[in-house]
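Spelled out, the chains give:
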Amino acid sequence: MTTQHSKTDVILIGGGIMSATLGTMLKELAPNKEIKMFERLDSPAQESSNAWNNAGTGHSALCELNYTNEDKYGGIDIKKAVKINEQFQISKQFWSYLVKQGKLEDPQAFIQPVPHMSFVQGIKNVEFLRKRVEYLNENILFSNMEITDDKEKIKSWAPLMMEGRTSNIPMAITYDKTGTDVNFSSLTRQLFANLAEKNVELNYEHEVQDIKQRKDGKWEVTVKNLKTNQTEVVESDFVFIGAGGASLPLLQKTGIKESKHIGGFPVSGLFLACSKEEITKQHNAKVYGKAAVGAPPMSVPHLDTRYIDGKRTLLFGPFAGFSPKFLKTGSNMDLIKSVKPNNIVTMLSAGIKEMNLTKYLISQLMLSNEERMEDLRLFMPNAKSEDWDVIVAGQRVQVIKDTKESKGNLQFGTELVTSKDGSLSALLGASPGASTAVDIMLDLLKKCYKNEFSQWEDKIVEMIPSYGQKLSENEALYKKINEEIKKNLKVN
């Protein structure tokens, strides 16, 4: 085994949507920067970014009830919903720009218009849903949202949900035609294909084994070529760790102060999938319900229309499970190896606090296939077991961290961890990650390229016309930008 040495300006670790997005943005803003990407598997988008491993919702808070909580005064707090929708608008603007520039050639391969819906049963839940729509409708981003408890109307929106329904329990459903389904594996592949044309070095079957910072601030990344067993040390000014579940162990290797007192809790998942055309053609929506008591936000049940590799599929789930792996292709030792002297108290504190989550995961692990079908029948009463297959979803690693108030807090969402000098950044966490990738990478660029960022702002506005403004506060700009997005991304 020989060791080679090389240099570059930027190293991207991980072949998913995050690295693809950051690489694309950097090549637009600073075309002369040399970039190398390293991915352990043999092709891009095989883990969290893979279309079968996520819901592809294009998270915009149009249907996800956990983004709008009832406050103590009985009102609905929509701040998180508005923020997430704004973030997704930024992603759509960037994709629209790339399509217009000819850098993304086939938008329909990665984004399709699919209405987003919320579905609840029971008097209190119906009341909550009405109130939610009332609050959201006042915001331009949610002005298209409708609600009904009329069963005939529901049948016209989601016929499979009413077929065979005999229960008299009050129910209501919302409908927003501006929703989308996003195939992040197709998008990631297109972005990397474009980067390859710009001489970005894409290294598949290359595993990062170590990341160390020199005294002069530069990083040395040790990479093993899994085909030849040859090792290479690559020197770089900047390193981005966007390796999904593997990001935490890689961040821990850096030894930076910001990597301390952070843990990860892996959650696996299953979906029920149906690809029978006579069934899939009757449902065109992403329908989100309410999470069970004690269930984590990523376990909100939903019945989704998906467009994967040109074929329409229905997915229902997710059903949570537990695996100690941090990636689907990871090791059963991942969780144990991530426990360090600096985070053991953090991890134990989370274990004590999250007993409800533990009980929930155990109950999910014990579900039979017929019990999963019963959950599906709450959405689709006539669902037949023989029409649905079980598929394993991607691994999610929820961040556990200490705050000023307490130790061992489970964080839901995505978390950007950046070194004090801005020379290294890692992305941890899960949903709504992929949907908000462009906004997250803008935040990274602002933190890590402080000296250059102000020179890039004109170009950023060209790529993302709403940059520096809130579309939720500028109706005219929102309408103008969305006409352009609809035209370029073909999402009428």
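Notes on the structure follow. (Residues numbered from 1 in each chain as written. Predicted model: local features only at pLDDT ≥ 70, side-chain atom pairs only at ≥ 80, totals over all residues. Heavy atoms only, no water.)

Here the focus is the pattern of salt bridges. Any two side chains of opposite charge can pair, given that their charged atoms come close. Overall, the coordinates contain 28 salt bridges when judged by the stated rule. We note a salt bridge from aspartate 443 to lysine 447, for which the minimum N-O separation is 3.6 Å. In this pair, aspartate 443 and lysine 447 are both assigned in helix H13 (residues 437-448), 4 residues apart and thus about one turn of the helix distant. On the basis of relative accessibility, which here comes to 32%, the residue aspartate 443 falls in the partly exposed class. (Salt bridge = Lys/Arg side-chain N within 4 Å of Asp/Glu carboxyl O. Helix = DSSP H or I, 4+ residues; strand = E, 2+ residues; numbered from the N terminus. Buried < 20%, exposed > 50% of the residue type's maximum accessible area, 1.4 Å probe, protein only.)

Contact geometry of helix H2 (residues 79-100) with helix H15 (residues 475-489) gives a least axis separation of 9 Å together with a crossing angle of 50°. Taken together, H2 and H15 sit at an angle that is classed as oblique. Once H2 is placed against H15, the crossing between them reads as left-handed. Note on element contacts: H15 touches H2 through Tyr478, Ile481, Asn482, Glu484, Ile485, Asn488 and Leu489, opposite Gln89, Lys92, Gln93, Trp95, Ser96, Val99 and Lys100. (Axes fitted to C-alpha atoms, helices over the stretch in contact; angles between N-to-C directions. Parallel < 35°, antiparallel > 145°, perpendicular 65-115°, else oblique. Left-handed = near helix turned anticlockwise from the far one by under 90°. Contact = heavy atoms within 4.5 Å.)

One can describe the packing of H2 onto helix H14 (residues 450-463) by two numbers: an axis separation of 8 Å at closest approach and a directional angle of 90°. Here H2 is positioned roughly perpendicular relative to H14, judged by the angle of their axes. Note on element contacts: H14 touches H2 through Lys459, Glu462 and Met463, opposite Gln93, Phe94 and Tyr97. Of the residues in the contact of H2 with H14, the class split is 3 nonpolar, 1 polar and 2 charged. (Nonpolar A, V, L, I, M, F, W, Y, C, P; charged D, E, K, R; others polar.)

Let us now look at the side chain of serine 349. For serine 349, the location among the structural elements is in helix H10 (residues 344-353). Judged by its relative accessible area of 17%, serine 349 falls in the buried class. Here the side chain of serine 349 touches valine 345 through a polar contact of 2.7 Å, landing on its backbone oxygen. Setting aside residues no more than four positions away along its own chain, serine 349 makes contact with Lys407 and Gly408. (Polar contact = N/O pair within 3.5 Å; in protein donor to acceptor, adjacent residues only side chain to side chain.)

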